[in-house]
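Topology and contacts: notes
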Amino acid sequence: MKYLTGLLLLIVFTFIALPYVRLYQLDDALATNDMNTLNKLVDLESVRTTYKKSLEFKVGRVTGDVAAALPAANNGLVEFMRGGVKALGDKTLNDVLDMNWVRTKLHPQLANPSENNSIWQSMSFAFFESPTRFIVRIGDLGKNPIHLRMTLQDWYWRVTAIYD
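Residues numbered from 1 in each chain as written. Predicted model: local features only at pLDDT ≥ 70, side-chain atom pairs only at ≥ 80, totals over all residues. Heavy atoms only, no water.

Let's shift gears to helix α1 (residues 2–32). Taking 1.5 Å per residue as the helical rise, α1 with its 31 residues ought to reach 45 Å, and the 43 Å between its terminal C-alpha atoms agrees with that figure. At Ala17, α1 shows its strongest bend, of approximately 30°, with the proline Pro19 following within four residues. Taken together, the buried positions of α1 are occupied by Pro19, Arg22, Leu23, Leu26, Asp27, Ala29 and Leu30. Asn33 sits one or two residues past α1 and shows a positive phi near 55°. (Helix = DSSP H or I, 4+ residues; strand = E, 2+ residues; numbered from the N terminus. Expected span 1.5 Å × (residues − 1). Bend = angle between axes of the 7 residues up to and from the residue. Buried < 20%, exposed > 50% of the residue type's maximum accessible area, 1.4 Å probe, protein only.)

Below is the structure:
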């Protein structure tokens, strides 16, 4: 019975440690500019989709504020603005959001060359949101931290979202 308990504890500890190992691999890949490892650790399509949804929400909030400030007769202008931003945004985001963008966004030294630090040194929070989601905050609250979400995909932890 104690062997079964030991095996079960080993499995649980391995499951808990694995996202931290992937985070270390991500940090190393960013520091060494290893694009092959970055491609394995980052689900770029999921990052793009999540970033688009976040941007659409922000644009919707701004245009909603504009619509509230304008008279009811100008609602067509607001709809035109939303449509234009969406059409321009999809094409532009697909061009801009690539692995170089991910690398620049996640690597603290690239964002601020005067500091010599890594994700590990800049990380202020990292833990499970659910059994298949892991949240990391790079930077301190109140100082525009970067949040990244890692998701378990086919028993492999990958970055699936980056939030400002």
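There's more to say after this.
Attention now goes to the nonpolar core. One broad rule of soluble globular proteins: the nonpolar side chains tend to lie buried together. If you look at the biggest cluster of nonpolar residues, it comprises 30 residues, and the most contacted ones within it are Leu26, Val42, Val102, Leu106, Val136, Val159 and Ile162. With residues up to four places along the chain from it excluded, the contact list for Leu106 reads Leu26, Leu30, Ile119, Ile138, Ile146, Leu148 and Ile162. (Core = buried A, V, L, I, M, F, W, Y, C linked by side-chain atoms within 4.5 Å. Contact = heavy atoms within 4.5 Å.)

A few words now on the side chain of Thr160. With respect to the helices, strands and loops of the structure, Thr160 is situated in strand β4 (residues 156–163). Looking at Thr160, its side chain comes within polar contact range of the side chain of Thr151, at 2.7 Å. (Polar contact = N/O pair within 3.5 Å; in protein donor to acceptor, adjacent residues only side chain to side chain.)

The next thing to look at is the pairing of strand β1 (residues 123–130). Note that β1 and strand β2 (residues 133–138) share six bridges and pair antiparallel. By the bridge assignment for β2, Met123 is matched with Ile138. What sits between β1 and β2 in their antiparallel hairpin is a turn of two residues. (Pairing = 2+ DSSP bridges.)

It is worth spelling out the pairing of β2 at this point. Within β2, five of the six residues are buried, leaving the element largely enclosed by the surrounding structure. Two strands pair when backbone bridges link them, and β2 and strand β3 (residues 146–153) are joined in this way by six bridges, in the antiparallel orientation. Considered in β3, the bridge of Ile135 is made with Arg149.

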